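Okay, here's what each chain looks like letter by letter:
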Amino acid sequence: MLLLREISKSYQKKPVINQLSYQFDQQRYCIIGPNGSGKTTLLMLAAGLEIASSGKITLDDKPISSVSAKRQLGISSDKIILPDFLTPQQLLEFHCSQHACLFPTQFIEHLGFAPQLTTPVSALSLGNLKKISLLLALAHQPQYLLLDEPTTGLDHQSRSWLLAYLDSYPGKIIVTSHEESFTENEHYHSVFLNELNQGSSIAS
Ligand SMILES: Nc1ncnc2c1ncn2[C@@H]1O[C@H](COP(=O)(O)OP(=O)(O)OP(=O)(O)O)[C@@H](O)[C@H]1O
């Protein structure tokens, strides 16, 4: 279970996340909130890619900063800057060696990404940047998938495949999205970030 306890995060003294406590104990969540409310920040904190100003985050009782916690999750976010001198092939090979997983050939096929494998990241289109970001999140099929606006910029075929794949994904998923495929999806528990930030909490 992903557990956030009294998390605060400020940028240049401007608070974005304020004393937020929440336990993600269900299978599917959609974090909802207006632009700039902190949804991406929350996912980045939950993945250990941003450091909270205060508070504690654990994944299955392990600190989110630990290697074992990080191995259990995959994150896709446009906020994550990929090294632009590498190719997707190189990134995926490195990722798969770190996670001891197979090269994600089938996912690549489903996303129609094979022609882009040897294109430097710096030359990828926005939609193809989204695809490599998703591939890095999915390749090791983590127990926890954190997906920041996962369908934004995807072509129709890739979007349809991704939505169907997520429907049957065995692990836990937390998405941020403004899209009805998630916000109106009965399988996703909606979390309104503004309400959490006002001090909602952990069930005891
Ligand atoms: N590195 C940063 N430095 C300064 N401010 C930042 C930084 N990252 C995010 N912010 C600010 O934090 C706030 C929350 O940003 P965040 O990207 O988390 O919002 P969001 O809810 O995901 O927005 P959107 O729906 O537009 O994607 C915004 O006001 C943003 O400008």
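Residues numbered from 1 in each chain as written. Predicted model: local features only at pLDDT ≥ 70, side-chain atom pairs only at ≥ 80, totals over all residues.

As recorded in an unreviewed UniProt entry, the chain goes by ATP-binding cassette domain-containing protein and comes from Thalassomonas actiniarum.

Visitor: I tried to follow the overall build of the chain on my own but got confused; where do I start?
Guide: Scanning the chain for helices and strands turns up eight helices and nine strands. Here the C-alpha atoms of the chain give a radius of gyration of 17 Å, agreeing with the 17 Å that 2.2 N^0.38 yields for 204 residues. Its C-alpha atoms put the chain at 50 × 35 × 30 Å along the principal axes. Across the 204 residues of the chain, 35% fall into the buried class. Long-range pairs, those at least 24 residues apart, make up 73% of the contacts in the chain between residues at least 6 apart in sequence. (Helix = DSSP H or I, 4+ residues; strand = E, 2+ residues; numbered from the N terminus. Rg over C-alpha atoms; globule rule 2.2 N^0.38 Å. Buried ≥ 20, exposed ≤ 12 C-beta atoms within 10 Å, placed from the backbone. Contact = placed C-beta atoms within 7 Å.)

Visitor: Would you explain the site of the ligand in this entry?
Guide: Lining the immediate environment of the ligand, one finds Tyr-11, Gln-12, Val-16, Gly-33, Asn-35, Gly-36, Ser-37, Gly-38, Lys-39, Thr-40 and Thr-41. It is helix H1 (residues 39–46) that provides the largest number of residues to the shell around the ligand, a total of three residues. For the shell around the ligand, the per-class residue count stands at two nonpolar, eight polar and one charged. (Near = placed C-beta within 6 Å. Nonpolar A, V, L, I, M, F, W, Y, C, P; charged D, E, K, R; others polar.)

Visitor: How should the nonpolar core be read in this particular structure?
Guide: Generally speaking, nonpolar side chains in soluble globular proteins are found buried as a group. The biggest cluster of nonpolar side chains holds 49 residues, and the ones touching the most others in it are Cys-30, Ile-31, Leu-43, Ala-46, Leu-135, Leu-146 and Ile-174. No other element matches helix H5 (residues 126–138), which puts six residues into this core. Every residue in contact with Ala-46, bar those within four places of it in the chain, is listed here: Leu-2, Leu-4, Ile-57, Ile-64 and Leu-146. (Core = buried A, V, L, I, M, F, W, Y, C linked by C-beta atoms within 7 Å.)

Visitor: Which parts of the structure should I look at to understand the sheet that holds strand S1 (residues 2–11)?
Guide: Pairing between the strands of a sheet comes from backbone hydrogen bonds, and it takes one of two forms, parallel or antiparallel. An order of S2-S1-S4-S5 is seen for the four strands of this open sheet, with the pairing classed as antiparallel. Of all the strands in the sheet, just strand S2 (14–24) and strand S5 (62–63) have a single pairing partner and so form its edges. Of the strand pairs in this sheet, strand S4 (residues 54–59) and S5 are connected by two bridges, and their pairing is antiparallel. By the bridge assignment for S5, Leu-59 is matched with Lys-62. Together, S1, S2 and S4 form the strand contacts of H1, whose direction differs from that of S1 by roughly 125 degrees. (Pairing = 2+ DSSP bridges. Axes fitted to C-alpha atoms, helices over the stretch in contact; angles between N-to-C directions.)

Visitor: How should the environment of Leu-147 be read in this particular structure?
Guide: With respect to the helices, strands and loops of the structure, Leu-147 is situated in strand S7 (residues 144–148). Here Leu-147 is in contact with Ser-76, Ala-137, Ile-173 and Val-175, once residues within four sequence places are set aside.

Visitor: How should unusual backbone geometry be read in this particular structure?
Guide: Note on backbone geometry: most residues besides glycine have negative phi, and most peptide bonds are trans. Positive phi, normally seen in glycine, also occurs at Gln-12, with a value near 45 degrees. Mapped onto the elements, Gln-12 comes out in the loop between S1 and S2. Exposure remark for Gln-12: the 4 C-beta atoms within 10 Å place this residue in the exposed category. Despite not being glycine, Gln-19 has its phi angle at roughly 50 degrees, a positive value. Summarising the element assignment, Gln-19 is placed in strand S2.

Visitor: Would you mind showing me how to read the sheet that holds strand S8 (residues 172–176) here?
Guide: One open sheet accounts for five strands, arranged S6-S7-S8-S3-S9; its pairing is parallel. Two strands bound the open sheet, and with one partner strand each, they are strand S6 (73–76) and strand S9 (189–192). When the angles between neighbouring strand axes are averaged without regard to direction, this sheet yields 15 degrees. In terms of strand pairing, S6 meets S7 through four bridges, oriented parallel. Across the sheet, the residue bridging to Leu-73 is Tyr-144, located in S7. Contacts from H5 reach S6 and S7 within the one sheet, and its direction differs from that of S6 by about 175 degrees.

Visitor: Sorry, what's going on with the environment of Gln-89 here?
Guide: Locating Gln-89 in the fold gives a position in helix H3 (residues 88–99). Given 16 C-beta atoms within a 10 Å radius, Gln-89 is considered partly exposed. As a C-alpha pair, Gln-89 and Val-121 span 32 residues in sequence and 9.9 Å in three-dimensional space. In this structure, Gln-89 is in contact with Leu-117 and Thr-118, ignoring residues within four places of it in sequence.

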